[in-house]
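Single-letter residue listing:
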Amino acid sequence: MSTAKIIDGKQAAARVLDKVKREVDELKALDIEPALAVVLVGDDPASHVYVRNKVQRAREVGIRSVEHRLPANTEQTTLLNLIDTLNQDVKINGILVQMPLPLQIDEASVIQAIRADKDVDGFHRENVGGLVLGQPVLTPCTPSGCLYLLEQALGDLSGKHAVVVGRSNIVGKPMAALLLQAHCSVTLLHSRSVDAPALCRQADIVVAAVGRPEMIDASWLKPGAVVIDVGINRVEHEGRNRLVGDVDFDNALSQVSAITPVPGGVGPMTIAFLMKNTVRAAYLQYPLPAQPAAH
Ligand code: GUN
């Protein structure tokens, strides 16, 4: 019988959102209504679902959200003009442009156009650089949510060996930077790593963010490891669509001390940290007393 703890991301996200809601109420008492602008270009069905969820969650915590929907054939200059307007709008604290963008638009230029202190995704160069330098900048939502889950599961992460599998700009790289800041020894694995399973077996903490269904099984894991699975992969199983992570959950369960499920693990944390970042952005933009300490 496995005694592994299944980490409940929905419950953890609810705790984060509770605190965000209290902070929103405090800002409203100062006559500030935190607001998030969400920009969606085109008709990608998954993006529509993500945006709907973000807007819904914002409403639940009292953050005003403003949706901008642009057609798939929107030119880059039109989008950049909208971002410029939102940058200058003092009533907008956070700007999120849902990715991916249509091919005629250069994502990097769009990210750089967003004011760094309104970049609630934490993708702007200034925020990426600030994170690496250990400055108190806006940090990407998914890895920030993963760090929260790890600290809840393990407490102090100092001295732990963390292995991050996958080197994307959105998850892998910022995750490695956050874990380093939390005083872990960090190994970042990728497609050119030699004997990735052997390196991964040394880890106290594994964060899987590769986008390959069930790639990591018990043979990659040290007994007692804590596993955070960022993957959300849609697979056909017995004629039905099913969501699985990058970790073979059932197989890993006997080996780990704690693991996130898919769905219901990291997913809810991403939106919770988007709301948290929107409140942080409001604090960055107003000359207010210091924001209350984190969690
Ligand atoms: N598309 C998939 N994930 C993300 C994300 O974290 N932020 C944005 N803006 N778009 C995404």
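Residues numbered from 1 in each chain as written. Predicted model: local features only at pLDDT ≥ 70, side-chain atom pairs only at ≥ 80, totals over all residues. Heavy atoms only, no water.

Asks: Would you explain the packing of helix H1 (residues 9–29) against helix H10 (residues 267–285) in this entry?
Replies: Two quantities define a packed helix pair, namely the angle between the helix axes and the distance between the axes. Interaxial distance between H1 and H10 falls to 9 Å at its minimum, and their mutual angle equals 20°. Considered as vectors, H1 and H10 are oriented roughly parallel to each other. For the pair H1 and H10, the sense of crossing is left-handed. Between H1 and H10, the residues in contact are Gly 9, Lys 10, Ala 12, Ala 13, Val 16, Leu 17, Val 20, Glu 23, Val 24, Glu 26 and Leu 27 and Pro 268, Met 269, Ala 272, Phe 273, Met 275, Lys 276, Val 279, Ala 282 and Tyr 283, respectively. Each residue belonging to the contact of H1 with H10 can be placed in one class, and the counts come to 15 nonpolar, 1 polar and 4 charged. (Axes fitted to C-alpha atoms, helices over the stretch in contact; angles between N-to-C directions. Helix = DSSP H or I, 4+ residues; strand = E, 2+ residues; numbered from the N terminus. Parallel < 35°, antiparallel > 145°, perpendicular 65-115°, else oblique. Left-handed = near helix turned anticlockwise from the far one by under 90°. Contact = heavy atoms within 4.5 Å. Nonpolar A, V, L, I, M, F, W, Y, C, P; charged D, E, K, R; others polar.)

Asks: I would appreciate a short explanation of the environment of Gly 94 in the present structure.
Replies: Within the element layout of this structure, Gly 94 appears in strand E4 (residues 94–97). Considered as a pair, Gly 94 and Asp 117 are 23 residues apart in the sequence and their alpha carbons are 7.9 Å apart. Residues in contact with Gly 94, not counting those within four places in the same chain, are Ala 35, Leu 36, Ala 37, Lys 118 and Val 120.

Asks: I'm lost on the sheet that holds strand E2 (residues 35–41) in this one. Help?
Replies: Within a beta sheet, neighbouring strands are joined by backbone hydrogen bonds and run either parallel or antiparallel to one another. One open sheet holds the 3 strands; their spatial order is E3-E2-E4, and the pairing between them is parallel. Since the sheet does not close on itself, it has two edges, and those belong to strand E3 (64–70) and E4, each with one partner. Mean inter-strand twist for the sheet, computed between neighbouring axes without regard to direction, equals 15°. Judged from the 4 bridges that link them, E2 and E4 form a sheet pairing that is parallel. Bridging across to E4, Ala 37 finds its partner in Ile 95. (Pairing = 2+ DSSP bridges.)

Asks: Just to check I follow, could you spell out H10 for this structure?
Replies: Because an α-helix packs 3.6 residues into every turn, residues spaced three or four apart end up facing the same way. A rise of 1.5 Å per residue sets the reference length of H10, with its 19 residues, at 27 Å; its end C-alpha atoms lie 28 Å apart and thus fit the reference within 8%. Burial within H10 is extensive, with 14 of its 19 residues counted as buried. (Expected span 1.5 Å × (residues − 1). Buried < 20%, exposed > 50% of the residue type's maximum accessible area, 1.4 Å probe, protein only.)

Asks: Would you mind going over the nonpolar core with me for this structure?
Replies: Most often, soluble globular proteins have nonpolar side chains that are buried together. In this structure, Ile 63, Leu 179, Val 207 and Met 275 are the most contacted members of the largest nonpolar core, which totals 56 residues. Here this core gets 10 residues from one element, more than from any other, and that element is H10. Ignoring sequence-local partners within four residues, the contact set of Met 275 consists of Leu 17, Val 20, Leu 36, Lys 54, Arg 57, Ala 58, Val 61 and Ile 63. Residues Ala 35, Ala 37, Leu 101 and Val 110 belong to the second largest nonpolar core, which totals 19 residues. (Core = buried A, V, L, I, M, F, W, Y, C linked by side-chain atoms within 4.5 Å.)

Asks: Even after reading the chapter, I still don't get the site of the ligand, so can you show me in this structure?
Replies: Near the ligand you find Leu 96, Val 97, Gln 98, Met 99, Asp 121 and Phe 123, and these make up its full shell. Interatomic distance of 2.8 Å between a backbone N/O atom of Val 97 and a nitrogen atom of the ligand. In this structure, a nitrogen atom belonging to the ligand sits 3.2 Å away from a side-chain N or O atom of Gln 98. The protein chains hide 79% of the 280 Å² of surface that the ligand would expose on its own. Along the lines of polarity and charge, the residues of the shell around the ligand split into 4 nonpolar, 1 polar and 1 charged. (Near = heavy atom within 4 Å. Polar contact = N/O pair within 3.5 Å; in protein donor to acceptor, adjacent residues only side chain to side chain. Areas by Shrake-Rupley, 256 points an atom, 1.4 Å probe, with all protein chains shown as cover.)

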